[in-house]
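# Observations on chain architecture
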Amino acid sequence: MKNYGFTTTILHNDRQKGIEHGSLHKPIHTSVTFGYADARQLASVFQGKEPGFRYGRQGNPTVAALEDKVSKMEQGVGTICFATGMGAIGAVFQALLRAGDHVVSSSFLFGNTNSLWQTVAGQGVGVDFVDATEVANVAAALKPETRMVFVETIANPRTQIADLKRIGELCAEHGILYIVDNTMTSPYLFRPKDVGAGLVVNALTKSIGGHGNALGGALTDTGAYDWTRFPNIFENYKKNPALQWGLVQIRAKALRDFGASLAPEAAHHIAVGAETLALRMDRASTNARALAEMLEADERVAAVYYPGLKSHPQHGIAAELFKDFGSLLSFELKDGSDCFDYLNKLKLAIPTSNLGDTRTLVIPVSHTIFYEMGPERRASMGIADSLIRVSVGIEDTADLIADFKNALD
Ligand SMILES: *Cc1c(COP(=O)(O)O)cnc(C)c1O
């Protein structure tokens, strides 16, 4: 097939695969089961000898159309969708880790991923958290039983950026699976495959779906990892070509056995949202940079964290690896300022959770999404009590800047 650009590929992918009545969208297939030419074909699909759908928990045509699009966006060999981003991350643990294994994770993490690693630790898997902005910290934490290294691209909410390329080189050297959560950059701004990631996580709920109207998650195998070096693949799944070992085991052992399956209706919403990912990301990045610059120049603001600012410690890495700097920023008001008063004065920006929406969303981090982890761990992650996270939307730039400025005034 022709090598089209990012948006052209997403827009025309369904249609080019052929849809009945020339429909431009893949229809929402709500059927739980599927028919076959005869009973022999039924058996053959169940035995994996012929392509086809078995039961909606393990796969569905509408979901498969989205999986194909995510694979194209990430330039991967295959993708599995899940009901939520956490479903996708949980699948890594369910399908690929066993008691006695060890994981090295960035300490700058989405709060629920942090919570998940605590759960994993209670089930016999060792987890070490390191400052992944320095590859040396990751290297120092590796053990003979380390099975994977897990990082985010731009960490939410403080926007630290892992040393993505060097960690990729380190993992390749040791044959360790490198997993990158690409949610904050999205495959439009960055492809983790380019730094050697074997598995890529995307919370489809965020920028890819983009409208805050559907939950979803995805795991993409980039093809960069040699699964013959992974000790936890069941013998049964080694009958397939090694390139498919990871996804085959994840689909069976996580999606099938635990059942965090993406609903076809949600897959449809996300697929429609994905058509404008590039346009929204461009606009949101432009808005975020303008907002970050305005806040940084204001003396009532104590600190602004945005990878597009020259003052950001990993600005160089972001400029080198990312197409733009994304829609996430956070800032602290000067000591003594009450961030609740400030948030209540905003007229456009909405105080709520979620990220990557078309609308600008704000949240007082310590008091909400990072409340459960307690003050010590918050301090170790650099989360001040007055930290406000902003997921910048696609509003008209002047309106957005005026809203944040008026609230300061
Ligand atoms: C939101 C988010 C997730 C989880 O996605 P859900 O769809 O909310 O479960 C995982 N990683 C990152 C970086 C996120 O922002």
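Only a predicted model underlies this, so the values are computations on that prediction, with no experimental measurement involved.

### Considerations on the overall build of the chain
If you tally the helices and strands in the chain, you get 15 helices and 12 strands. Residues classed as buried in the chain amount to 55% of the 409 residues present. For the chain, long-range pairs separated by at least 24 residues make up 70% of all intrachain contacts whose partners lie at least 6 apart in sequence. Carbon and sulfur atoms provide 51% of the accessible area of the chain, an area that totals close to 17300 Å².

### Some thoughts on helix H11 (residues 277-296)
Here H11 contains 20 residues, and its C-alpha end-to-end distance of 28 Å stays within 8% of the 28 Å for a straight helix at 1.5 Å per residue. Of all the positions in H11, only Leu277, Ala278, Arg280, Met281, Ala284, Ser285, Asn287, Ala288, Leu291, Ala292, Met294 and Leu295 are classed as buried.

### Description of helix H3 (residues 61-74)
Taking 1.5 Å per residue, 14 residues should reach 20 Å; H3 reaches 20 Å between its end C-alpha atoms and fits that length. In terms of burial, H3 is a largely internal element, 11 of the 14 residues being buried. Three or more residues of H3 are buried, namely Pro61, Thr62, Val63, Ala65, Leu66, Glu67, Lys69, Val70, Ser71, Met73 and Glu74. Sitting at the head of H3, Asn60 places a side-chain oxygen 2.7 Å from the backbone nitrogen of Thr62. Gln75 sits one or two positions beyond H3 and adopts a positive phi of about 50 degrees.

### Thoughts on the sheet that holds strand S8 (residues 301-305)
To summarise the sheet geometry, strands pair through backbone hydrogen bonds and adopt either a parallel or an antiparallel arrangement. The five strands are arranged S8-S9-S12-S11-S10 in an open sheet whose pairing can be described as mixed. Two strands lie at the open edges of the sheet, namely S8 and strand S10 (350-351), each paired on one side alone. Looking at chain direction, S10 and strand S11 (residues 361-364) are connected through two bridges and run parallel. If you follow Ile350 over to S11, its bridge partner there is Leu361. Along the sheet, H11 contacts S8, strand S9 (328-333) and strand S12 (388-391); its crossing angle with S9, the most-contacted strand, is approximately 15 degrees.

### Brief notes about the pairing of strand S5 (residues 177-181)
In terms of residue burial, S5 counts as a mostly covered element, since five of its five residues are buried. Side chains Leu177, Ile179 and Asp181 project from S5 onto one buried face, and the interleaved Tyr178 and Val180 project onto a second face that is buried too. In terms of strand pairing, strand S4 (residues 146-152) meets S5 through five bridges, oriented parallel. What sits directly across from Val149, in S5, is Tyr178. As a crossover connection, the stretch from S4 through helix H7 (residues 164-174) into S5 is right-handed. In this sheet, strand S6 (residues 199-203) lies alongside S5 in parallel orientation, the contact comprising three bridges. The residue of S6 that forms the bridge with Ile179 is Leu199.

### A short note on the nonpolar core
Judged by nonpolar contacts, the single largest core of 57 residues is most densely connected at Val149, Leu164, Ile167, Tyr178, Leu329, Phe331 and Phe404. Taken domain by domain, this core gets at least three of its residues from each of domain 1 (6-274) and domain 2 (277-408). Counting 35 residues, the second-largest nonpolar core is a separate cluster that includes Leu96, Val103, Leu219 and Trp227.

### A short note on the sheet that holds strand S7 (residues 217-221)
Ordered in space as S1-S7-S6-S5-S4-S2-S3, the seven strands form an open sheet in which the pairing is mixed. Because the sheet does not close on itself, it has two edges, and the strands there are strand S1 (78-82) and strand S3 (126-130). Going from strand to strand, the sheet's axes swing by 20 degrees on average, the running direction of each strand aside. The strands touched by helix H4 (residues 85-96) within the sheet are S1, S4, S5, S6 and S7, with S7 carrying the most contacts at an inclination of about 50 degrees.

Criteria and cut-off values
- Residues take numbers from 1 onward in each chain, read along the sequence in its written order.
- Local features are withheld for residues below a pLDDT of 70 in this predicted model, meaning they are given only at 70 or higher, and side-chain atom pairs are given and counted only at 80 or more; totals for whole chains, interfaces and linings count all residues.
- Only hydrogens and water are set aside when side-chain values are computed; all heavy atoms of the structure are taken into account.
- Counting from the N terminus, the helices are DSSP H or I runs at least four residues long and the strands are E runs at least two residues long.
- Partly exposed residues are those whose accessible area sits between 20% and 50% of the maximum for their type, while under 20% is buried and over 50% is exposed, using a 1.4 Å probe and protein chains only.
- Between two residues, a contact is recorded if the distance between any of their heavy atoms is within 4.5 Å.
- Computed by Shrake-Rupley with a 1.4 Å probe, the accessible areas treat only the displayed protein chains as cover when residues are assessed.
- Multiplying 1.5 Å by the residue count of a helix minus one yields the expected span of that helix.
- Pairs of N or O atoms within 3.5 Å make up the polar contacts considered here, provided that, within protein, one atom can donate a hydrogen while the other can accept it, and that residues adjacent in sequence are counted only when both atoms are side-chain atoms.
- Strands qualify as paired when DSSP identifies two bridges or more between them.
- A fitted line through C-alpha atoms represents every axis, and for helices the fit uses only the stretch in contact; the resulting angles, taken between N-to-C directions, go from 0 to 180 degrees.
- By convention, a crossover is right-handed whenever its connection, traced from the first strand over the helix to the second and viewed with the strands pointing away, goes clockwise.
- Remark: nonpolar core denotes a set of buried residues (Ala, Val, Leu, Ile, Met, Phe, Trp, Tyr, Cys) joined through side-chain atoms within 4.5 Å.
- Residue ranges for the domains trace back to a domain assignment, done automatically or taken from a database.

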